[in-house]
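Below, each chain spelled out in residue letters.
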Amino acid sequence: MAILEELRAAVVDGQAKVAVAKVSEGLAAGIEAGTLLREGLIAGMAEVGQLYEEGEVFVPEMLVAARAMTAALAVLKPHLVAEGVPSNGRVAIGTTQGDLHDIGKNLVAMMLEGSGYEIVDLGVDVPAAKFIEAIRDGANVVAMSALLTTTMTNMQSTIEAIREAGLREQVRIIVGGAPITKSYADEIGADGYAEDASSAVRLVKEVLAA
Ligand code: B12
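Residues numbered from 1 in each chain as written. Predicted model: local features only at pLDDT ≥ 70, side-chain atom pairs only at ≥ 80, totals over all residues. Heavy atoms only, no water.

Visitor: So what exactly am I meant to see when it comes to the coordination of the cobalt atom of the ligand here?
Guide: Ideal coordination angles are 109.5 degrees for a metal with four donors arranged tetrahedrally and 90 or 180 degrees for a metal with six donors arranged octahedrally. Within the protein, just one atom coordinates the cobalt atom of the ligand: H101 (NE2), at a distance of 2.3 Å. Structurally, the position occupied by H101 is in the loop between β1 (90–96) and α5 (103–114). (Donors = N, O, S within 2.8 Å, 3.2 Å for Na, K, Ca; no water. Helix = DSSP H or I, 4+ residues; strand = E, 2+ residues; numbered from the N terminus.)

Visitor: For this particular structure, what's the right way to read unusual backbone geometry?
Guide: Residues other than glycine predominantly adopt negative phi, and peptide bonds predominantly adopt the trans conformation. Positive phi is not limited to glycine here, since D125 has a value of about 55°. Among the structural elements, D125 can be located in strand β2 (residues 118–126).

Visitor: Explanation requested: the nonpolar core in the structure shown.
Guide: Most often, soluble globular proteins have nonpolar side chains that are buried together. With 39 residues, the main nonpolar core has L41, L73 and L76 as its most contacted residues. Secondary-structure elements contributing two or more residues to this core are α1 (2–12), α2 (16–28), α3 (33–53), α4 (59–80), β1, α5, β3 (141–145) and α9 (197–209). Here the element with the most residues in this core is α4; it accounts for seven residues. One finds F131, A139, I173 and Y184 within the second-largest nonpolar core, a separate group that totals 26 residues. (Core = buried A, V, L, I, M, F, W, Y, C linked by side-chain atoms within 4.5 Å. Buried < 20%, exposed > 50% of the residue type's maximum accessible area, 1.4 Å probe, protein only.)

Visitor: Would you mind going over the pairing of β1 with me for this structure?
Guide: Successive side chains on a regular strand alternate, one facing one side of the sheet and the next facing the other. For β1, a buried count of six out of seven residues is recorded, marking the element as mostly surrounded by other parts of the structure. Across six bridges, β1 lies against β2 in parallel orientation. When the bridges of β2 are listed, R90 appears paired with E118. Here β1 runs beside β3; their pairing, made up of five bridges, is parallel. Bridging from a neighbouring strand, A92 pairs with V142 of β3. (Pairing = 2+ DSSP bridges.)

Below, the structure is given as structure tokens:
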């Protein structure tokens, strides 16, 4: 479909205005928000990652691509987030310390919000102390995101800090992000792992029911 292809290309080229226009055009043409997300925005960002790995683009290009994706996501958000769903629990979400990647985290937050969870977004580069504060403020779930192999280890130290604070039993901890696996989640003592935003919604439901 031409619109999806143009949307994907706009993300790759870092053209925020075009990406925003294509999302609006797609919605007006009756394309589902989830399709625009997966086949346009996420496909574009995956291509940028591939090009970066191949040495075809560098950090500045990744950054403008991320800005285009973020701008387009803002338009898509009300369509992804169903309204009027009662709160099913409070999720404190953040990207681990040292890590500035937030697109995946924001998507997970949006999908959870759309499924009726109250979201406390702690942002990026989040130290353990901030997660601990959020638990003391009533979060039932802590969701940590990491995109770098150098920052994924901070998930483990955060879980340890939560345990040392005596709060581990009262919270469910889930983790995700491109370098994270189920076995890593098990190894560091998290309660669950999901590979994308829609499975994150299922996961939160499961861990809260356990
Ligand atoms: C965009 C991007 C950037 C942007 C980020 C902008 C932003 N606002 O986020 C910028 C330019 C800032 C950036 C910087 C860097 N980046 Co970068 N970046 C990327 C890129 C291309 C895309 C990431 C992305 O947004 N993907 C799209 C989203 C939708 O996917 P996602 O994040 O994986 O999230 C999904 C799932 O993982 C899951 N999920 C995510 N979080 C969570 C949390 C929970 C709880 C759950 C359940 C699920 C879940 O659900 C999400 C939705 O489906 C990746 C390439 C890649 N293949 O991932 C590199 C990549 C992550 N970056 C990389 C690197 C090296 C860097 C830099 C070190 C580069 C540099 N030399 O400066 C810096 C680090 C800065 C820092 N301290 O964080 C490497 C990491 C390598 C490694 N193994 O550690 C990658 C893999 C590129 C590569 N192939 O080498 N980057």
